[in-house]
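The primary structure of each chain is shown beneath.
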Number of protein chains: 2
Amino acid sequence: MGTTQLESVQEPKYWHLKTVLSEALDSDFAVGEILPNERDLAARFGVARATLRQALEQLELEGRLQRRRGVGTTVAPPRVGVAVSTAQQDWTDGAGETWQPVDCTTGSAPAAVSAMFDVATGDAVHRVRRVRVSHGQPLAAEILYVPDSSVPALSAIDAPSGPARARSVLRELDRLGLDGQDRSVELGSARADDAKELDRLPGAPVLVVTTRFFAAGGTAAVSVATYRADTCRLTFGDSGALEISHEEQARQAS
Amino acid sequence: MGTTQLESVQEPKYWHLKTVLSEALDSDFAVGEILPNERDLAARFGVARATLRQALEQLELEGRLQRRRGVGTTVAPPRVGVAVSTAQQDWTDGAGETWQPVDCTTGSAPAAVSAMFDVATGDAVHRVRRVRVSHGQPLAAEILYVPDSSVPALSAIDAPSGPARARSVLRELDRLGLDGQDRSVELGSARADDAKELDRLPGAPVLVVTTRFFAAGGTAAVSVATYRADTCRLTFGDSGALEISHEEQARQAS
């Protein structure tokens, strides 16, 4: 198509181009296929490079395209439905472990996290780092903040850091017995350390899920997990069964 | 600061600039304040315009900045915690109505939505359009898809369209009695119609919440709601009380 049609509409040019490109992705490209370079695409659709780039960014936001280092822009597979409600509380599941403990350090929590516990800003807490993996692909990177008071029986002697230490903290949390949780979801951009775990560039859009775990009337632990916004659709359900069995149907209902 | 420091780090330049800008926002600017223009900012931090723009985009993703038509870039207020679990099911609450019925039309649903009902793609359903407003600000725009089979007693005679029709459909849904719901959250970009309701440009990042409402073992209605990603933090809780009372504490825990 030429430029005429693009100029005749009231919407921003990039928005109209996005719609046109989206239809082209459906009809002319397969999942995983590499798109022509920006110069060729801009020429093909008769638009400026800047307009093209804006349209490609939209399609990336919508999960239709993926930009991958050293590969280029490819057509994305459908987003994966990722159950959020249930998986995080199985602290110590062994074989089918979705969350892989990576490390555990001791240090301060962000001010907003400290405020959720009854600890002063700057007080040291356990910081368990985990990565959620599915079919070999990283979905989320998490830091779980656990104050000393939640894991009083934690031995200070064996495994001062690393995955073994992380497992010790999780085991103690499991022993504590949690009686509830709540969570929030917001848009964020990946910090450098999270981006590395997620195989993305720093600043890539992520869905930040903050979960508070309650025990004995207080907040026992806080998890801040960043999910890849390009590949993940977070699911929440009344029951685990429902949200998983229908996940493919619920895809891209927008 | 000059360019030297920016060049000495391994992270992308825009990422480092983002961190520096974020600190400047904390120390030198108030909420609502208009930022200097891009040319001045680029000069002040000794970076190229393109780098500056990338950093500003990051800060917008994180909810620190807002770009407003005709105003410029302003320092954003803290995100608002928006309870998602409970509010949608009060179909007919009058006075404290959070969701305002805007319109109701009859037409087809997107293929992904049709697949959630037992209706063929292209079959006509009721499409109730609602807007969620808080303190006069639009938070979300929604289309609620309701097949005829869920509202069999709906009168075809009075109020064929408009808000009155929307209220009729909601009243019938209320009468049906729903026995569960599940939902998913994913990143999307605002369609032109939603963007208008939300006072944003088409393509602005939104959090797309797809909710299925169950009754008598089937799916009675599907809601596709787009929340402004710049201003909203979605909250999900075991109980409504918890998620609301602590919302300010949970802010920006990342």
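Residues numbered from 1 in each chain as written. Chains lettered and ligands numbered in written order. Predicted model: local features only at pLDDT ≥ 70, side-chain atom pairs only at ≥ 80, totals over all residues. Heavy atoms only, no water.

### Comments concerning the nonpolar core
Ranked by size, the top nonpolar core spans 32 residues in total, and within it Val 185, Tyr 227 and Leu 234 of chain A together with Val 185, Tyr 227 and Leu 234 of chain B carry the most contacts. When residues no more than four places from it in sequence are discounted, the contact partners of Leu 234 of chain B are Arg 183, Ser 184 and Val 185 of chain A together with Val 82, Val 84, Val 185, Leu 207, Val 209 and Tyr 227 of chain B. (Core = buried A, V, L, I, M, F, W, Y, C linked by side-chain atoms within 4.5 Å. Buried < 20%, exposed > 50% of the residue type's maximum accessible area, 1.4 Å probe, protein only. Contact = heavy atoms within 4.5 Å.)

### A short note on the pairing of strand E9 (residues 218-228) of chain B
The buried count for E9 of chain B comes to ten of eleven residues, which makes it a mostly enclosed element. Linking two consecutive strands that pair antiparallel, namely strand E8 (residues 205-215) of chain B and E9 of chain B, is a turn of two residues; a positive phi of about 50° is found at Ala 216 of chain B within it. (Helix = DSSP H or I, 4+ residues; strand = E, 2+ residues; numbered from the N terminus. Pairing = 2+ DSSP bridges.)

### Some details on the domain arrangement of chain A
Residues and elements named next belong to chain A. When cut into domains, chain A gives domain 1 (13-75) and domain 2 (80-253). If you look at where domain 1 meets domain 2, you find one salt bridge. The salt bridge involving Glu 60 is made with Arg 200; its shortest N-O contact spans 3.7 Å. Inspection of the domain 1/domain 2 interface yields zero residue pairs in polar contact (both at pLDDT 80 or more). Class assignment of the residues belonging to the side of domain 1 that touches domain 2 gives a composition of no nonpolar, two polar and five charged. (Domains from an automatic or database assignment. Salt bridge = Lys/Arg side-chain N within 4 Å of Asp/Glu carboxyl O. Polar contact = N/O pair within 3.5 Å; in protein donor to acceptor, adjacent residues only side chain to side chain. Nonpolar A, V, L, I, M, F, W, Y, C, P; charged D, E, K, R; others polar.)

### A few points about the pairing of strand E1 (residues 65-68) of chain A
All names here are of chain A. Inspection of the sheet shows E1 paired to strand E2 (residues 72-75) by four bridges, in the antiparallel sense. Looking across to E2, one finds that Arg 68 is bridged to Gly 72. The turn linking E1 back onto E2 is made up of three residues, and Gly 70 within it adopts a positive phi angle of 75°.

### Overview of helix H2 (residues 13-28) of chain B
Its 16 residues place the ends of H2 of chain B 22 Å apart at the C-alpha level, agreeing with the 22 Å of an ideal helix rising 1.5 Å per residue. Along H2 of chain B, the residues that are buried comprise Tyr 14, Trp 15, His 16, Leu 17, Lys 18, Val 20, Leu 21, Ser 22, Ala 24 and Leu 25 of chain B. (Expected span 1.5 Å × (residues − 1).)

### Thoughts on the packing of aromatic side chains
Counted by the stated rule, this structure contains three aromatic pairs over all chains. For the ring pair Trp 99 of chain A and Tyr 227 of chain A, a centre distance of 6.4 Å and an interplane angle of 85° mean the geometry is edge-to-face. One end of the pair, Trp 99 of chain A, is in strand E4 (residues 99-108); the other, Tyr 227 of chain A, is in strand E9 (residues 218-228), with 128 residues separating them in the sequence. When the ring of Phe 236 of chain A is compared with that of Phe 236 of chain B, the centres are 4.1 Å apart and the planes differ by 5°; the resulting orientation is stacked. Within this pair, whereas Phe 236 of chain A is found in strand E10 (residues 232-237), its partner Phe 236 of chain B is found in strand E10 (residues 232-237), the two belonging to separate chains. A relative accessible area of 6% means that Phe 236 of chain B is categorised as buried. The lysine or arginine in question, Lys 18 of chain A, covers the ring of Trp 15 of chain A, its NZ or CZ lying 4.0 Å from the ring centre. (Phe/Tyr/Trp six-rings, centres within 6.5 Å; stacked < 30°, edge-to-face > 60°. Lys NZ or Arg CZ within 6 Å of the ring centre and 35° of its normal.)

### A look at the side chain of Gln 66 of chain B
Residue placement: Gln 66 of chain B occurs in strand E1 (residues 65-68). Setting aside chain neighbours within four positions, we find Gln 66 of chain B in contact with Gly 72, Thr 73, Thr 74, Ala 76, Pro 77, Arg 228, Asp 230 and Thr 231 of chain B.

### Some remarks on the pattern of salt bridges
Residues and elements named next belong to chain B. By the definition in use, this model includes 32 salt bridges over all chains. In this structure, the salt-bridge partner of Glu 62 is Lys 18, at a minimum N-O distance of 2.7 Å. Taken together, the residues span a long stretch of sequence, with Glu 62 in the loop between helix H4 (49-61) and E1 and Lys 18 in helix H2 at a distance of 44 residues. Of the charged contacts, one joins Asp 28 and Arg 44 as a salt bridge, the two residues approaching to 3.3 Å between their closest N and O atoms.

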